[in-house]
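# Structural description and commentary
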Amino acid sequence: MNTKPKLWVPGDWNAFFGFGTNILVNLLTLTALLRFVLKMPDELVFGRILPAVGLMMFLSTGYYAFLAYRLAKKTGRKDVCALPSGISVPHMFIVTFVVMMPIGLSTGDPMKAWSAGLTWVFVQSFVLMAGGFIAPIIRKITPRAALLGTLAGVSITFISMAPSLQMFMTPLIGLICFGIILLNWFGGVKYGKIPAGLVAIAVGALIAWGATGMGFKIGGMTTSALAASLTNFGFHIPFPAFANVFGGFEFLGVILVTAIPFGIYDLVEAMDNVESASAAGDSFPTTRVLTADGVVSLIGCLMGNPFINAVYIGHPGWKAMGGRIGYSAATGLMVILLCWFGTISVISAIIPTIAILPILLYIGMLIGSQAFQETPKRHAPAIILAIVPSIANWGLTIINSSLASAGILSVSDDLAGKMLNNGVFYRGLETLGGGSTLGGLILGATAVCIIDRQLMKAAGFALAGSVLTFFGLMHGSHIGFGQTPMVAASYLVVAVFFVICAKVTVPAAETTALETEEVDEAGQPA
């Protein structure tokens with residue numbers, strides 16, 4: 001029990017290259033959003049924002065490595081894996097397209113857009129810190145199938161789908177790199193002592209640059225882009241941006257509409273990820289994890305970073321690769337060096353993004369399967385139900401992005417009617433997909449309670465669904481009273497019906513045999 005845990009083991013190399021490339025993809029993505037979508041000047045992106053991003057992620061990954069070290073020392077175990085963390089990917093797009101881009105377009109000033117993003121993170125940080133104290137209670141009363149099912153929905157849609165589509169758009173790189181990763185991480189095939197993630201990236205880069213040399217456009221690598229990227233070299237450290245943070249308060253009305261509900265989304269997502277780690281054998285204190293997310297996000301925004309920190313999906317995947325404590329801290333050190341020395345643009349000009357994306361699909365595969373592997377078989381239908389809102393949200397996102405590319409920024413009733421005539425239930429996607437994380441959690445938890453004949457508890461979750469829907473936190477496009485009143489009323493009616501059924505049907509105590517019944521491989525009672 002008193003054995004000092006090792007800070008680095010051989011498996012950390014695999015996890016480092018896997019998680020590090022995941023983080024690198026996110027850094028490349030947010031850099032592209034800042035430069036090409038928001039049209040922010042390079043001196044702001046590389047001189048202020050990225051250095052603050054690097055500082056925040058260094059603090060975050062270092063702290064979660066410390067928590068893993070403490071857990072390993074306390075338990076005497078050698079297989080404790082640190083929680084992965086980094087920029088919240090969904091929020092990266094939300095703060096860009098919902099907050100910063102509209103303000104930047106309306107004011108014509110990228111600095112005001114930056115200030116609004118900082119204020120957005122400022123508000124969300126306090127939601128996370130406050131929520132950290134109630135999250136353990138929520139986690140205790142919510143069935144694991146609902147927590148992991150909701151997480152599976154996010155992993156299938158927003159983690160796995162985009163990499164899958166892009167892999168098949170450039171299959172010569174994407175599928176080959178994916179095969180290299182699968183053979184090692186699932187099939188046990190070794191590439192000497194070289195981590196599979198590094199082999200995949202090297203092969204992908206070799207194919208891309210070889211194609212460029214032969215005059216083919218595969219992977220998008222060009223010497224001109226590489227030469228241009230060298231101009232962003234330089235040493236930049238973050239410094240306080242207090243004036244910009246508080247300057248964004250002039251847009252507080254716009255900011256609160258999304259900051260509060262997405263702060264709650266972060267709360268639930270982090271709670272799901274802590275439960276996922278617990279299912280994989282590593283139990284971390286929920287309050288400390290969520291509070292840390294809020295604190296490091298607050299530090300980051302005060303130093304100039306408009307992107308919030310989050311505990312990532314993927315702990316079981318990195319643990320399965322052999323990751324323990326060191327991979328997390330090493331990733332933080334890598335990020336701070338990349339961000340402070342302005343090398344992100346150089347890396348993006350050397351390594352094709354498509355060579356990195358298969359790693360995200362691998363993580364999505366693991367998280368999606370964990371929901372079924374770590375819960376009772378009888379809860380499988382509830383997991384599917386918890387996944388459905390995320391699918392609706394993903395479909396809605398795809399449609400909205402397609403319309404936006406055609407210059408259509410809102411959907412009128414007439415357009416929604418035309419979609420309906422062609423089998424596209426747009427208003428249904430809006431309602432079911434709104435607040436999909438909370439929606440999946442409530443629906444999944446309600447289904448688990450019904451399966452286990454805990455009807456009063458099911459009524460409690462349905463009532464919670466009614467309240468959350470009434471305030472616009474789920475089944476709505478934005479926060480506000482009575483956004484979808486019929487849905488809120490329907491949840492309430494369902495809750496009442498469950499209470500009535502609980503009073504007149506067989507008590508849960510008499511269904512123990514049903515709940516513990518063995519099921520054979522065919523899914524029939526043994």
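Residues numbered from 1 in each chain as written. Predicted model: local features only at pLDDT ≥ 70, side-chain atom pairs only at ≥ 80, totals over all residues. Heavy atoms only, no water.

Let us look at the overall build of the protein chain. Along the protein chain, the regular secondary structure elements total 23 helices and two strands. For 526 residues, the compact-globule estimate of 2.2 N^0.38 gives 24 Å, and the protein chain sits close to it at 23 Å. Summarising its shape, the C-alpha atoms of the protein chain cover approximately 75 × 55 × 50 Å along the three principal directions. Taking all 526 residues of the protein chain together, the buried fraction comes to 53%. Excluding contacts between residues fewer than 6 apart, the proportion of contacts in the protein chain whose partners are at least 24 apart in sequence is 83%. Computed over 27 positive and 23 negative side-chain charges, the separation of the two mean positions in the protein chain equals 10 Å. (Helix = DSSP H or I, 4+ residues; strand = E, 2+ residues; numbered from the N terminus. Rg over C-alpha atoms; globule rule 2.2 N^0.38 Å. Buried < 20%, exposed > 50% of the residue type's maximum accessible area, 1.4 Å probe, protein only. Contact = heavy atoms within 4.5 Å. Lys, Arg positive; Asp, Glu negative; His and termini not counted. Charge placed at Lys NZ, Arg CZ, Asp CG, Glu CD.)

To continue, consider helix H1 (residues 11-37). Count 3.6 residues to each turn of an α-helix, and residues three or four apart come out pointing the same way. The end-to-end C-alpha separation of H1 is 38 Å, in line with the 39 Å expected for 27 residues at 1.5 Å each. Within H1, 21 of the 27 residues are buried, leaving the element largely enclosed by the surrounding structure. (Expected span 1.5 Å × (residues − 1).)

On the surface, Phe58, Leu59, Phe235, Ile237, Val295, Ile299, Leu333, Leu337 and Phe341 cluster together into a nonpolar patch covering about 740 Å² of accessible area. Of all the elements in the fold, those that place two or more residues in the nonpolar patch are helix H2 (42-75), helix H12 (286-302) and helix H14 (326-340). Since its relative accessible area comes to 45%, Leu333 is described here as partly exposed. (Patch = residues over 30% accessible without salt bridge, like charges linked within 9 Å, V, L, I, M, F, W, Y side chains within 5 Å. Areas by Shrake-Rupley, 256 points an atom, 1.4 Å probe, with all protein chains shown as cover. Salt bridge = Lys/Arg side-chain N within 4 Å of Asp/Glu carboxyl O.)

By size, the foremost hydrophobic cluster in this structure holds 125 residues, and its most contacted members are Leu27, Met40, Ile87, Phe284, Phe307 and Trp318. The residues contacting Leu27, other than those within four sequence positions of it, are Val53, Met57, Val335, Cys339 and Ile344. One finds Leu148, Ala152, Ala371 and Ala447 within the second-largest nonpolar core, a separate group that totals 10 residues. (Core = buried A, V, L, I, M, F, W, Y, C linked by side-chain atoms within 4.5 Å.)

This part takes up the pattern of salt bridges. Applying the stated criterion across every chain yields a total of 11 salt bridges. For Asp414, the salt bridge is made with Lys418, and the minimal N-O distance between the two is 3.6 Å. Within this pair, Asp414 and its partner Lys418 are both found in helix H18 (residues 413-421), separated by four residues, close to a single helical turn. The exposed category is assigned to Asp414, whose relative accessible area is 52%. Here the salt bridges do not stand alone but share partners, grouping Arg77, Asp79, Asp282 and Lys319 into one network.

Once that is clear, we can look at the side chain of Ser466. Within the secondary structure, Ser466 is located in helix H21 (residues 455-470). Excluding its chain neighbours within four sequence positions, the residues that come into contact with Ser466 are Ala488, Tyr491 and Leu492.

A separate point is helix H22 (residues 485-504). For H22, with 20 residues, the first-to-last C-alpha span of 29 Å sits near the 28 Å given by 1.5 Å per residue. Of the residues making up H22, those classed as buried are Ala488, Tyr491, Ala495, Phe498 and Cys501. Here the buried residues of H22 occupy an arc of 140 degrees about the axis, which is enough to place them on one side. Pointing more than 90 degrees away from the buried face of H22 are the exposed residues Met486, Val493, Lys503 and Val504. Those residues of H22 hidden inside the fold are in contact with helix H20 (436-451) and H21. (Arc of directions from axis to C-beta.)

On to the packing of aromatic side chains, then. Geometrically, a pair of aromatic rings is defined through the distance of the ring centres and the angle of the planes. This structure, assessed with the given rule, holds 19 aromatic pairs. Both rings, one in Phe19 and one in Tyr327, keep their centres 5.7 Å apart while their planes meet at 75 degrees; by these two values the pair is edge-to-face. Placement of the pair is Phe19 in helix H1 and Tyr327 in helix H14, with a sequence separation of 308 residues. Taken individually, Phe19 and Tyr327 each receive the classification buried, so the pair is uniform in this respect. Considering the side-chain rings of Phe122 and Phe249, the 5.9 Å spacing of their centres and the 70 degrees angle between planes classify their relative orientation as edge-to-face. With Phe122 in helix H4 (residues 110-131) and Phe249 in the loop between helix H10 (242-247) and helix H11 (252-279), this pair connects stretches of sequence that are 127 residues apart. (Phe/Tyr/Trp six-rings, centres within 6.5 Å; stacked < 30°, edge-to-face > 60°.)

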